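Structural description and commentary
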Amino acid sequence: MSIESINPYNNEVLTTFEEFSNDQVDALIGRAYAAYQQWRRTEFPKRAELLKRVAAEMRAKRDDLARLSTLEMGKKFGESKGELALSAKIIEYYAENGERFLSPQKIDVKYGEAEIHHEPIGPLLGVMPWNFPYYQVVRFAAPNLMAGNVVLIKHASNVPQTAIAIGQLFRTAGALDGLYTNLVLRGSKVERIIEDPRIVGVSLTGSVEAGRAIAAKAGEKLKKVVLELGGSDPFIVLDDANIDKAVGYAVFSRMLNTGQQCTAAKRFIVSESVSDKFLKAFSEKLLSLQPGDPMEEKTSLAPVCSEAHAKKLVEQIDGAVSSGAKVVIGGKRLDRPGAFIEPTILTNVKPDSQAYKEEFFGPVALYFTAKDEEDAIRLANDSPFGLGGAVFTEDLARGKRVAEQIESGMVFVNHPTLSSPELPFGGVKNSGFGRELSALGITEFVNKKLVRLATVNDPL
Ligand code: NAP
């Protein structure tokens, strides 16, 4: 079956690719395995040099690369450029800090010496989503390559050109054949790769459904797995918050990448006393967004990633409404070609409805009012997800107290959840397990090996 690259702005098919055959995949895993034998012995400074060349190449080609991902998944061109700048920063961060993060750690012992060494473990499979098609890949690839592993990437089927372009960056930078391998495949072929004994671990960024399938297969084969899954992040506005700033960040966080961000604010939980003011300003700002070509700077509302995704979002909205939710604004497709959805706010979402528990991966905000701080925390935690979250209050001690009670992998006070190379990224509950970025991200797929030195005369 062929893999299509389609522009969601006008639903035009840009190009198609044939999926790799099983024989091709097996040969590529063989090359990755051979590359690993060499790369694991390559000194850190040499690994860092390669990564820095990849980052430089990414910066030099920024506009061409940004155009490609915008064409394939509809993100605003300016956001694509921003994503590439962040991706290059992440690569450089690991090039500069990887050796330090992985240096041996001494353990206090009564006699002799004991150290934890961080050794690479082998070829890893990364299964990646389309929403930040450069950033998601480098978040996985850069630390693992710096650690001495090699990577094979199964990118999302709707961004095949972007996936190929990333592989090309590594080739241009002079990467060893097999160090970074792009696999043109559908998700249905992933389990077969996990079964291959040469693959030692798998990292997925994607949906809960894909997470369950991949973790089940990895469990069967006893392979390490990291899961970065969906979220339904709370955005809590307490009664003492700066409402103007909170509204600005609410729009930013819900609408970045047309709402297709795992850590987007998805559930707005606003104190009763400030709710009317917040909801009015939030609605007005969302209604003022201008749909258009994501390549044009004046566009403030881009399409979602595909026609199928737009349909799914409308089905979710309709499902919420049929179970009692009320539409404050939006709720429908825009009357124009392409995968456009009206920015939408839903209230009255019932706790026993499906909408209350599921992720809306697009420009749809679920809106709740909270009686007080305790009620806001209760609502925030009443979710199967636990990825990020934000709390707005002018009292930082209060913000910290609330943040400590939120069940999620990341909480930001007075800022929306954001990603930066030095900040650990990941979730709890159905949002997955394991961490990416920061010093934590580079130790997920390494053997934390104890080396214990003693003389034969030392006591046992
Ligand atoms: P998705 O459908 O799960 O796809 C993600 C990747 O998994 C794609 O490469 C896909 O391949 C593959 N895949 C899908 N089903 C699979 C299966 N049963 N077995 C093996 N591989 C499978 O997710 P998406 O719709 O692209 O991405 C949106 C989801 O990702 C949202 O839930 C979002 O919150 C989450 N996300 C999480 C993070 C995070 O860091 N926590 C970051 C970004 C996105 P095909 O494209 O070939 O189907």
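Here is a short report on the structure shown in this document. Every value quoted in this text rests on a predicted model; they were computed, and no experiment measured them.

With that settled, consider a nonpolar patch on the surface. On the surface, Ile-107, Val-109 and Leu-450 cluster together to form a nonpolar patch covering roughly 240 Å² of accessible area. Since its relative accessible area comes to 36%, Ile-107 is described here as partly exposed.

The terminal C-alpha atoms of helix H8 (residues 208–220), which comprises 13 residues, lie 18 Å apart, in line with the 18 Å expected from a rise of 1.5 Å per residue. Those residues of H8 that fall on the buried side of the exposure criterion are Val-208, Gly-211, Ile-214, Lys-217 and Ala-218. On its buried face, H8 sits against strand S5 (123–127), helix H7 (190–195), strand S8 (201–205), strand S9 (224–228) and strand S15 (385–386). Where H8 terminates, the next one or two residues include Leu-222, which has phi positive at roughly 55°.

Okay, the environment of Glu-113 next. As for its placement among the helices and strands, Glu-113 is situated in strand S4 (residues 113–120). Exposure remark for Glu-113: the relative accessible area of 40% places this residue in the partly exposed category.

Before going further, it helps to spend a moment on the sheet that holds strand S3 (residues 105–106). Strand order in this open sheet of three strands is S3-S4-S20, and the pairing throughout is antiparallel. Of all the strands in the sheet, just S3 and strand S20 (446–453) have a single pairing partner and so form its edges. Where S3 lies against S4, two bridges are found, and the strand directions are antiparallel. Bridge pairing in S4 links Lys-106 to Glu-115.

Moving on to the layout of surface pockets. There is about 1200 Å³ of room inside the largest pocket. As for the largest pocket, its lining consists of 47 residues, and the residues nearest its centre are Trp-130, Gly-206, Ser-207, Lys-312 and Phe-361. Counting only elements with at least two residues in the lining of the largest pocket, the list comes to strand S1 (2–7), helix H5 (135–146), H7, S8, H8, helix H11 (307–322) and helix H12 (354–357). Looking at the lining of the largest pocket residue by residue, the class counts come to 20 nonpolar, 16 polar and eleven charged.

What follows deals with the packing of aromatic side chains. Scanning all chains against the criterion turns up 14 aromatic pairs. Between Tyr-93 and Tyr-94 the ring centres are 5.2 Å apart and the planes differ by 80°, which places this aromatic pair in the edge-to-face class. With respect to burial, Tyr-93 and Tyr-94 carry one shared label: buried. An aromatic cluster is built from Phe-235, Tyr-249, Phe-268, Phe-278, Phe-282, Tyr-367 and Phe-392, whose rings are joined through pairwise contacts.

So, how was this worked out
Think of each chain on its own: its residues are numbered from 1, step by step along the sequence as written. Where local features are concerned, this predicted model is filtered to residues with pLDDT of at least 70; where side-chain atom pairs are given and counted, the filter is 80 or more; whole-chain, interface and lining totals use all residues. Side-chain numbers come from the whole structure's heavy atoms, not from hydrogens or water. Patch rule: a residue counts if its relative accessible area is over 30% and it has no salt bridge; like charges are joined within 9 Å, and nonpolar side chains (Val, Leu, Ile, Met, Phe, Trp, Tyr) within 5 Å. Residue exposure ignores everything except the shown protein chains as possible cover, and the areas themselves are Shrake-Rupley values with a 1.4 Å probe. Counted as salt bridges are all cases of a side-chain nitrogen of Lys or Arg within 4 Å of a carboxyl oxygen of Asp or Glu. Buried residues are those whose accessible area, probed at 1.4 Å on protein chains only, stays under 20% of the maximum for their type, while exposed residues exceed 50% and partly exposed ones sit between those limits. Only runs of H or I of at least four residues qualify as helices and only runs of E of at least two qualify as strands under DSSP, and these elements are numbered from the N terminus. What a helix is expected to span follows from its residue count: subtract one and scale by 1.5 Å. The contact criterion used is simple: two residues touch if any of their non-hydrogen atoms lie within 4.5 Å. If DSSP finds at least two bridges between two strands, the strands pair. Every definition here rests on a 1 Å grid over the protein atoms only: cavities are sets of points where a 1.4 Å probe fits but cannot get out, pockets are open sets enclosed by protein on both sides within 12 Å along at least five of seven lines, and lining residues have some atom within 4 Å of a point. Grid points are joined across faces, edges and corners, and a volume is the space filled by probe spheres set on the points. Amino acids are sorted into nonpolar (Ala, Val, Leu, Ile, Met, Phe, Trp, Tyr, Cys and Pro), charged (Asp, Glu, Lys and Arg) and polar (every other residue, Gly among them). Between 30 and 60 degrees the pair is tilted, below 30 it is stacked and above 60 it is edge-to-face, where a pair is any two Phe, Tyr or Trp rings, Trp via its six-membered ring, whose centres lie within 6.5 Å.

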